[in-house]
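# Chains, contacts and geometry: an overview
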Amino acid sequence: MILCRTKTELQDTLKAQGTNPIIGFVPTMGGLHEGHLALVRQAKRENEVVVVSVYVNPIQFNNAEDLKKYPRDLERDLDMLKEVGCDIVFAPEDAEMYPEKPTENYSFGALETVMEGAFRPGHFNGVAIVVKRLFDLVNPTTAYFGEKDFQQLALIRALVEQEDLAVEIVACPTVREHDGLAMSSRNTRLPEEDRRIAPQIYKILRDCRDLVDVLTPAQLKTFAEEHLKKIPRTKLEYFEIVNAKTLQPIENWSNCPKRVACVAIWLGGVRLIDNVKI
Ligand code: PAF
């Protein structure tokens, strides 16, 4: 496995892979867990060369405290990536990604005005900027993203279409802990007591899935909000049942066959997101 710290190192390493290799790319912010490794394993099965980026992208954080506390342990991440057969790791410093203040301004219309977009102003522009720059550097055949960040996935698909990029986006299912909690780099920041409470979030999402035949979307939203608010030490940011394609909240089940229930909730000082297809 080759570690590249600069764009030049990465480009030289990619050139050395031969002409037009089939490249699978997994962008990450480090703090790796089984969810990331599942993406790398899938990339490994489907490509000739696997590139993983490990970069905590400061411009996608709208909360300074969250950026400061984001887990960073490159040595541990490298060990894990080596284990699953990653070929190239790109782990740049901020000055390498942003030698100058980035000025790109992406717009995703209604996709970015709801949920994460509404609660984290500037977040998706920051994601789009870094992902576009990484795609330009790596030039992947396919890029892999987890469905836990469901809205991010929709925006990245929109970015690829807008910019006419020749990369296939593959969505991979959320990987969960044995008790159902969606794997996230932020889970390591949950104190023991909150970690015990956290699986209740997914349990409520599962209950929602089971109630689709009984309740209307509005009734289900009320049911979920009431139960989520009862979880100790939490503050609910949003619960929405949305059209999986447009991400707009739905009013009835009949004219929307693909829908997702999405939640963002603070547990103590940690913000968690999750979703289920319902
Ligand atoms: O999902 C993430 O970890 C990040 O948003 C990404 C896609 C690596 C961009 O920084």
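This is a predicted model, so every value here is computed, not measured.

## Description of the pattern of salt bridges
Counted under the stated rule, the structure contains 20 salt bridges. Of the charged contacts, one joins Arg195 and Asp179 as a salt bridge, the two residues approaching to 2.9 Å between their closest N and O atoms. Of this pair, Arg195 sits in helix H9 (residues 192–197) while Asp179 is found in the loop between strand E6 (168–172) and H9, placing the two residues 16 residues apart along the sequence. Ionic pairing is found between Arg233 and Asp194, a salt bridge with its closest N-O pair at 2.6 Å. Of this pair, Arg233 sits in the loop between helix H11 (217–230) and strand E7 (234–243) while Asp194 sits in helix H9; the two residues are 39 residues apart in sequence, bridging distant segments of the chain. The exposure class assigned to Asp194 is buried, which follows from its relative accessible area of 1%.

## Let's talk about the site of the ligand
Taken together, the neighbourhood of the ligand is formed by Pro27, Thr28, Met29, Asn57, Gln60, Val130, Phe145 and Gln152. At 2.7 Å from an oxygen atom of the ligand is found a side-chain nitrogen or oxygen belonging to Gln152. The fraction of the free accessible surface of the ligand (290 Å²) that becomes covered by protein chains is 89%. When atom positions are compared with the pocket grids, the ligand is found to occupy the largest cavity. The residue makeup of the shell around the ligand, split by class, is 4 nonpolar, 4 polar and no charged.

Cut-off values and rules
Residues numbered from 1 in each chain as written. Predicted model: local features only at pLDDT ≥ 70, side-chain atom pairs only at ≥ 80, totals over all residues. Heavy atoms only, no water. Salt bridge = Lys/Arg side-chain N within 4 Å of Asp/Glu carboxyl O. Helix = DSSP H or I, 4+ residues; strand = E, 2+ residues; numbered from the N terminus. Buried < 20%, exposed > 50% of the residue type's maximum accessible area, 1.4 Å probe, protein only. Near = heavy atom within 4 Å. Polar contact = N/O pair within 3.5 Å; in protein donor to acceptor, adjacent residues only side chain to side chain. Areas by Shrake-Rupley, 256 points an atom, 1.4 Å probe, with all protein chains shown as cover. 1 Å grid on protein atoms, 1.4 Å probe; cavity = no way out; pocket = protein on both sides within 12 Å on 5 of 7 lines; lining within 4 Å. Sits in = over half its atoms within 2 Å of the grid points. Nonpolar A, V, L, I, M, F, W, Y, C, P; charged D, E, K, R; others polar.

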